[in-house]
Every structure is written in structure tokens, then in C-alpha cells.
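Report on the structure
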Amino acid sequence: MNTFLQLGLNEDLLKAIIDLGFETPSEVQDKTIPILLEKDTDLVALAQTGTGKTAAFGFPMLQKINIDSRTTQGLILSPTRELCMQITNELKLYGKYCKGLNVVAIYGGASIIDQSKDVKRGAQILVATPGRMKDMINRNLVDISKIEYAVLDEADEMLNMGFFEDITDILSHTPKDKNTWLFSATMPQEVSTIAKKFMHNPIEITVGSKNVGSDQVTHEYYMVGGRDRYLALKRLADANPDIFSVIFCRTKHETQKVAEKLIEDGYNAGALHGDLSQNQRDMVMKSFRAKQIQMLVATDVAARGIDVDDITHVINYQLPDEIETYTHRSGRTGRAGKTGISMVIITKSEMRKIKSIERIIKKQFEAKEIPSGIDICQVQLMSLANKIHNTEINHEIDNHIEIINEMFADTSKDELIKKFFSVEFTRFYNYYKKSKDLNADAGNSRERSGDSDFEPSENSTRYFINVGNKDGYDWMSLKDFLKEVLDLGRDDVFKVDVKDSFSFFNTDAAITPKVLEFFTDYKHNDRFVNVEVSADKGNSNKKRSGGKFSGKRRSDDFQPKGKRRSEGKGGYSAGSDNRSSSKSNRSGAFSKFENDSSRPRKSRRK
Ligand code: ADP
Ligand code: MG
């Protein structure tokens, strides 16, 4: 393998490479850069995402253009606004010592006037999305009639997105004798077609084998019942405390729904789909890059071009309709030399899709089991131990250590550790202690229907209780009160419905005797609190019109929601009131909000 120096790059670029911390060229860079520097040729380069293709065309282009001229000499077309901005930024970094270099990004959703002003100042290189580029050409705001280099970046994605016509149109405004460089992760028929149509005897470079996923990615599937998808997702997240992931759903609606559920359950999640405004999408991506969002729930279209290097997991909440899309999804992880895991949550009937995908990616899936509650508790406990072990001491505490020491004078180290850990761990434990096996082959013969993950099922008792608003309760405080006096877990009291002088609530039918017995002779604030089984089952919630309630309620099932966290659409989490939830209190049902009355409460379920 060559060094960057051996590839023939000039001093300005080599200096920038040192600043960037790139030590050796990646394979695609090693193979393409010398060719592009030496020859005036068309080129097709196929390499997985995350292999450094931007630099493979970026360095040669920067070296070959004439920076002293203000003429536009290079045009890079890229499928999405995000990618467009990213490539522009990368090129600016690569060319930071190239004095006079002007790279301009051209994309929709921002002022076309501002962009054209930037172009007029003399841009040697334009990085553009096809749609906006066409606009600019039609309005005579750019001149690409003298370009020498055209790059079609992520060509497969551009074609996937239906940009064939636009690309044809744009290239018709460019000189015939330019060089065209096409970069793509995969080589579907459409890409060969475009290569034939627009290129003359292109040199072909392939890194890895065509259409095959990255070697850095392992593929796993988890077979569950259709209605357990969401619970499985939560378990997978909880079993991987440092997860930084993209979760793929099939529709915008489902994407939004899953993201909202996750946010509501206390995860640092966000949604990315086409119903969000550009501004909202930018915010989500910003939070994701900053890792304030650990779980980005996205549609395939919206996730195109997500180019974040450290993604640890891709989770296919549902498989894509077109199995070819799987390669794109799993390519979001295992980038830049890192390893990654692509997980698929499937039902039995989808097994044949796994087989088809295996044929495409030429790799085997590993059949894995959804971790049990106990496993997750253990992982979380160890992760907590690790975190504490590696935590830097905040010496502000020194000022108070004496009093604290006094308080624990009689506590042994062992005991202290246990207490300390219990602060975080008990919430986990309570949540998972009664959890069931989610694996589809777990001998669980319950009827499992399609996509009913969000439908509550229950076998519960509805109670009447003779306290209400008048006594100072709202549904949250009443729920807290009941959980406390009855010594119940987070999900054990639900559908709390507070009226003026009385209220209703539900519990699992199994604990009805315990509830009734407790309240036979119970006084609170000098007043007898009376609880009776109510005739109303509490299933008349408008939100669930037509809902079927069958089967047994489980400890980790959902309850129907009273309020939505985000009114209206487009709930991205990180910039909103969820910001205060730090990584450490992210997990599942254990969001700090649950126990901390100072936190915003509106997301809590009734
Ligand atoms: P691709 O276009 O193939 O998906 P990118 O060009 O976006 O990949 O590069 C992926 C990441 O790898 C980027 O963060 C980039 O800065 C980094 N990178 C590129 N080349 C090198 C290199 N030679 N050494 C280290 N990191 C690199
Ligand atoms: Mg790229």
C-alpha cells in the first residue's frame, strides 16, 4: 500500500492530510488517486460506503483544477442535501492550504440567491444536488459549460432516488470532452446504464466485490412475534448500553410512531422522515452527530446519505420492501474501518427474505436470541460499574465529603456499593424481573398477528377509588401514590383517570386481591380511602377506537397513551425538553422522569 506522498499528491494537500490525521490511503484512494492524477480519463469506482470515496475524487480534483482561475471547473453531483454539505465541508478541509479555493454547495431548501452569489464570486468547484442544480441552470445562475471534471457521487443512490432525468439534463450543459468520474457503493443495472450513456471507456476500479456488503459488518436476525417488535427493539437497545444506531422503519408513520414511543420511554431517540421540515431534519441530524440522539429512527429515503462514522448498530425494525435496500441500510455502520452490527427483527414468515438477502450480500446471518430480562440487568449493572470505575471525580464533592462520610460511618464498603448501585439498578430490575421470553420459538403459542405492536392487550381489573382532584391528586400523583402504598412497579398501575371527587385505575387482575385487601381499612390524611372493583373496564378511551383487548397484559407491554409527548407532528427529541436526559439515564422505562417530579411530565402515560 502506498503512502499519500507516493500517490503523487502535492504539498498543500499533504499538509491538509496530516491535519486531518489520515495516515494511509484507503484501498479505493490507493487505486484511484494515481490514475486520476496521471490520466485524463473517465472512471467508475465501486467501493462500500465509508471507504473514503470523497477523498478518492476530492484530492485529484483539487490538484488538477486551476485555483488561480475563477472559472467553474469541477461539478460534483450528490443525492442529498446532507451529503452535499458534507462533501463540501470535506473538500474545504482537504483544500485548506489551497489559497483562493472556492467550493460552493448548491442544494434545495436554502436561498438560491445566496448560493448564486457564492457562485458568482468565482467557484472552481460546485457540489450540488440534482434538483437545485437544474433550477440554477434554468435560471442562468451557473455556468457549467467549461467544466473539466464531473463526479457522480453515490450514483446508485442518486438513481434510486429517481434523478436519472435530472442528471441527463444537467450533463447536457457540460462539455463533451470533460472527464466523468462515477463513484458508487453498488453496481445495479441502472448504474451500468448511466456509465455507458455518459462515459467513454471508463477505467473500472472495484474494491471488495460488487454489491457485497462491507466485511466490517456482521448480520444478525432476531425472530419474534409480530406484536413484540417494539419490545424487542427496546431490549436490543438496553442490552447495548452504548448503542449509537439508526433504526429503519418502512413508512413515515411507523418511523414517527416508533421514535415517539422511544422518546416517551426515556430513550434519546429522534425521527427522520420526509414529513419533517428541512429545519427539523437538520436539527435531528445535528443532535445525532453530537450523539445527543442515540437512536435515530428513519425511513430509507430520509436516511440516504447519512454519513456518520461511529454508528454501532443498524436495526431493521422491519425489513425493507425491496431487499436490495438492505445493503444501503447495513452500510450505515461498519464505516471508516470500524466494525458494526446490522440487526433485523423478523417474524417467522419473513425468514425467506433473510435467505434472499444472504444471497445478495453473500454473507450469512447469525440467528440470535432476544436477551432475557436477567441478561439485560447484568449488562446494565456491568456497564454501570464500568462507568463508575472510569468516572473522573468531581472535586466539588470534597466540600461535602465530611458530612457524607459521617452519614455512612456505619456502612461497610460492600453495603455502600450495593446501595449506590441500587439507585440506578432497581428501576431496571423492577422493569425486567417479570419480563417474558420474546423469542418466537419460545414455546409461546399465543396468536401473534401482524403489526399490532402498539395495541395494548390486557387482563386487568378496573377500580374505583374515592379520592380525586379535590384531594389534590392528578393522574400522575395518584399513580405514584398507588404504586408507593401498594409497593408496585412502574407499569403495574395504569389507566389512571382522575375525576373531581373520585378516580379510576387499573391493575393486572392477578393482584386484585392484594389491592382490595390493602384498602379494606386504609386511612390517608385521616380519611378512609375506599377502593372497589369498578364495572367500567376502562377500555372506552377514545384514542383506541376499535381496539381489541385480548390476551394477557405483560409487565413490559404498552399502555394506551393519554397524551402525546409532542403535540402535532415532527417530534424530534434532542433539542426539546428531553435534552436534560443525559446518556446515563437514557435507558428504557428507567428514565429519570419517572421518579423526579421536577422533570417535565407531559410524556408520562396514564
Ligand atoms: P464514502 O464516500 O466511501 O462513504 P467518505 O468519503 O465519506 O466515505 O469517508 C468516510 C470517513 O472516512 C470520513 O470521515 C473520512 O474523513 C474518513 N477517511 C477518508 N479517508 C481516510 C483515510 N485515508 N484515513 C482515515 N480516514 C479516512
Ligand atoms: Mg460518499
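Residues numbered from 1 in each chain as written. Chains lettered and ligands numbered in written order. Predicted model: local features only at pLDDT ≥ 70, side-chain atom pairs only at ≥ 80, totals over all residues. Heavy atoms only, no water.

Some details on the sheet that holds strand E15 (residues 460-465)
If you walk across this open sheet you meet the 4 strands as E16-E17-E15-E20, and the pairing is antiparallel. The open sheet has two edge strands with one neighbour each: strand E16 (494-498) and strand E20 (531-533). Adjacent strand axes in the sheet meet at a mean angle of 25° when their direction is disregarded. Sheet topology places E16 next to strand E17 (residues 503-508); 3 bridges connect them, and they run antiparallel. Paired with Asp497 across the strands is Phe504, a residue of E17. Along the sheet, helix H19 (residues 475-486) contacts E15, E16 and E17; its crossing angle with E16, the most-contacted strand, is approximately 125°. (Pairing = 2+ DSSP bridges. Helix = DSSP H or I, 4+ residues; strand = E, 2+ residues; numbered from the N terminus. Axes fitted to C-alpha atoms, helices over the stretch in contact; angles between N-to-C directions. Contact = heavy atoms within 4.5 Å.)

Regarding helix H12 (residues 278-289)
Helix length check: H12, at 12 residues, gives a terminal C-alpha distance of 16 Å against a target of 16 Å (1.5 Å per residue), a fit within 8%. When H12 is considered as a whole, its buried residues turn out to be Gln280, Val284, Met285, Ser287 and Phe288. Along H12, the residues classed as buried sweep out an arc of 160° about the axis, all on the same side. Exposed side of H12, more than 90 degrees from the buried face: Asn279 and Lys286 are the residues found there. Close packing links the buried residues of H12 with helix H4 (81-94), strand E9 (245-248), strand E10 (269-272) and strand E11 (295-298). (Expected span 1.5 Å × (residues − 1). Buried < 20%, exposed > 50% of the residue type's maximum accessible area, 1.4 Å probe, protein only. Arc of directions from axis to C-beta.)

Side note on the environment of Asp282
Positionally, Asp282 belongs in helix H12. Judged by its relative accessible area of 23%, Asp282 is partly exposed. On a C-alpha basis, the gap between Asp282 and Glu82 in space is 8.4 Å, while along the polypeptide they are 200 residues apart. If sequence neighbours within four positions are ignored, Asp282 has contacts with Arg81 and Glu82.

Regarding the packing of aromatic side chains
Remark: the centre distance and the inter-plane angle together describe each pair of aromatic rings, the angle taken between the planes. Across all of its chains, the model carries 20 aromatic pairs by this definition. A ring pair is formed by Tyr473 and Phe481, whose centres lie 5.6 Å apart and whose planes are at 50°; its orientation type is tilted. Given a relative accessible area of 11%, Tyr473 falls into the buried group. Looking at Phe481, the relative accessible area reads 9%, which means it is buried. (Phe/Tyr/Trp six-rings, centres within 6.5 Å; stacked < 30°, edge-to-face > 60°.)

Notes on the sheet that holds strand E14 (residues 366-368)
Pairing is parallel across the open sheet formed by 7 strands, whose spatial order is E10-E11-E9-E12-E13-E8-E14. Two strands in the sheet have a free side with no partner beyond their single neighbour: E10 and E14. The average undirected angle you get between the axes of adjacent strands in this sheet is 25°. The pairing of E9 with strand E12 (residues 313-316) spans 4 bridges and is parallel. Looking across to E12, one finds that Phe248 is bridged to Asn316.

Observations regarding helix H18 (residues 413-432)
Across its 20 residues, H18 extends 27 Å between first and last C-alpha, which sits within 8% of the 28 Å expected from 1.5 Å per residue. Of all bends in H18, the biggest is about 55°, found at Val423. Of the positions making up H18, those classed as buried are Phe421, Glu424, Phe425, Arg427, Phe428, Tyr431 and Tyr432. Where H18 is buried, its residues meet helix H10 (229-238) and helix H16 (373-390). (Bend = angle between axes of the 7 residues up to and from the residue.)

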